[in-house]
Amino acid sequence: MSIEVRTANTGTDDLATIARIITIARPDDPTTVDEMRWSDATYPGSRRFIGTLDGEDVGVGTVGRIHAYPPEFDALWATLDVLAGARRRGVGTALLATIRAATIEAGKSELHVPVSDGRPEAVAFLLRRGFTEYERAAMVDLRLAGLERPAIGLAAGLRLVTLESRPDLVPGVHAVALEAFDDIPGADDPMAAGDLAEFRARDVDRAIIPSWGFVMAVDDVTDQVVGYASLAFDPGSSTVAYHDMTAVLRARRGQGVATALKAATISAAMDHGLERLYTGNDVDNAPMRAVNARLGYRPLPDWLTMRGPARHGMMTP
């Protein structure tokens with residue numbers, strides 16, 4: 001049995017191999033060549049590795065900046081995927097060792113690896129290698145076929161508009177994000193909205209974010225954005241999307257704004273022929289989880305972020 005790990009290049013062939021393996025191994029979190037090219041253009045420095053077993057490409061490891069945290073954050077984001085028929089044969093261990101070496105080379109001390117709680121064997125793999133649970137998101141989904149259109153109730157003095165009709169409001173959306181990101185429940189390190197240019201590139205102007213599915217709540221008098229909600233398509237899909245963000249200014253919370261925004265994005269998804277929406281919130285984010293429940297979302301396996309050291313001693317096979 002021969003195991004090798006090679007550095008993937010940025011050509012279409014290697015990227016297509018990576019997309020194929022990830023999408024087969026992790027269908028609940030697929031990727032595409034275009035999505036990887038977007039990541040490389042927006043957040044340069046990511047590295048990808050392909051693991052082979054007896055000359056066949058069967059595994060993928062990626063490592064790079066965590067988009068939601070500032071560049072000085074101590075950890076990098078990594079993914080590790082091996083096709084089912086090649087697991088428990090050392091390919092994942094070899095890929096993880098390569099990822100760890102790349103993390104140390106980049107001057108970081110920690111890794112964050114996502115994994116579904118519905119794959120206990122993958123969670124156990126990481127636990128045996130020094131990782132611990134860092135964040136847990138309660139995942140839910142909503143099937144749109146036959147669904148009754150949700151009522152959109154909004155407080156007096158506010159109106160809903162889309163990015164498609166009011167692209168000029170993006171700076172106001174960014175102002176909401178700067179306040180709201182600090183308040184998102186989760187680990188000890190708050191998310192970072194970044195400056196306007198970074199925010200636009202990551203959360204507004206991406207090809208997978210439709211302008212018709214980006215809804216803003218606006219004050220009738222001042223034209224101030226007080227909240228927003230956005231959809232993003234699964235890479236490669238035109239029928240499945242996730243709620244990328246729902247955020248409301250502190251002064252406007254508890255007034256039904258988030259529910260109205262999310263209901264509006266559901267309605268827009270129905271109008272555009274989508275079949276399914278899904279989302280996830282930290283298990284401690286009771287307000288947004290309550291909004292999801294009221295709108296009929298059903299539970300999925302939790303999504304974990306596992307944190308582990310880039311430097312690690314003996315690893316259990």
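Refer to the structure presented above.
Residues numbered from 1 in each chain as written. Predicted model: local features only at pLDDT ≥ 70, side-chain atom pairs only at ≥ 80, totals over all residues. Heavy atoms only, no water.

Novice: Quick question: what am I supposed to make of the packing of helix 1 (residues 12-25) against helix 2 (residues 33-42) here?
Specialist: Contact geometry of helix 1 with helix 2 gives a least axis separation of 9 Å together with a crossing angle of 110°. As far as their axial angle goes, helix 2 and helix 1 are roughly perpendicular. Relative to helix 2, the crossing made by helix 1 is right-handed. On the side of helix 1, the interface is formed by T12, L15, A16, I18 and A19, while helix 2 contributes V33, M36 and R37. (Axes fitted to C-alpha atoms, helices over the stretch in contact; angles between N-to-C directions. Helix = DSSP H or I, 4+ residues; strand = E, 2+ residues; numbered from the N terminus. Parallel < 35°, antiparallel > 145°, perpendicular 65-115°, else oblique. Left-handed = near helix turned anticlockwise from the far one by under 90°. Contact = heavy atoms within 4.5 Å.)

Novice: How do you make sense of the nonpolar core when you look at a structure like this?
Specialist: In a soluble, globular protein the nonpolar side chains are often hidden away together inside. Residues L144, F214, M216, Y228, I266, L274 and L277 are the most contacted members of the largest nonpolar core, which totals 57 residues. No other element matches helix 7 (residues 257-271), which puts nine residues into this core. Non-local contacts of I266, meaning those with residues more than four positions away in its chain, are made with L142, L144, L147, P150, H243, L277, L295 and Y297. Ranked by size, the runner-up nonpolar core spans 24 residues in total, among them V58, A78, L96 and I99. (Core = buried A, V, L, I, M, F, W, Y, C linked by side-chain atoms within 4.5 Å. Buried < 20%, exposed > 50% of the residue type's maximum accessible area, 1.4 Å probe, protein only.)

Novice: It is not clear to me how the packing of aromatic side chains should be interpreted in this structure. Could you clarify?
Specialist: How two aromatic rings sit relative to each other is set out by the distance from centre to centre and by the angle between their planes. Counted under the stated rule, the structure contains six aromatic pairs. With a centroid separation of 6.2 Å and 75° between ring planes, the pair formed by W212 and F233 is classed as edge-to-face. Here W212 is found in the loop between helix 6 (196-203) and strand 8 (214-219), whereas its partner F233 is found in strand 9 (residues 225-233), with 21 residues between them in sequence. Across the pair, exposure class does not vary: W212 and F233 are buried alike. An angle of 5° between the planes, with centres 5.6 Å apart, marks the rings of F214 and Y228 as stacked. Taken together, the positions of F214 in strand 8 and Y228 in strand 9 put the pair 14 residues apart, joining distant regions of the chain. Taken as a pair, F214 and Y228 share a single burial class, namely buried. Grouped by ring-pair contacts, the aromatic residues F199, F214 and Y228 constitute a single cluster. Sitting over the ring of Y297, K262 keeps its end group 6.0 Å from the ring centre. (Phe/Tyr/Trp six-rings, centres within 6.5 Å; stacked < 30°, edge-to-face > 60°. Lys NZ or Arg CZ within 6 Å of the ring centre and 35° of its normal.)

Don't take any of this as a statement about function, it's just geometry.
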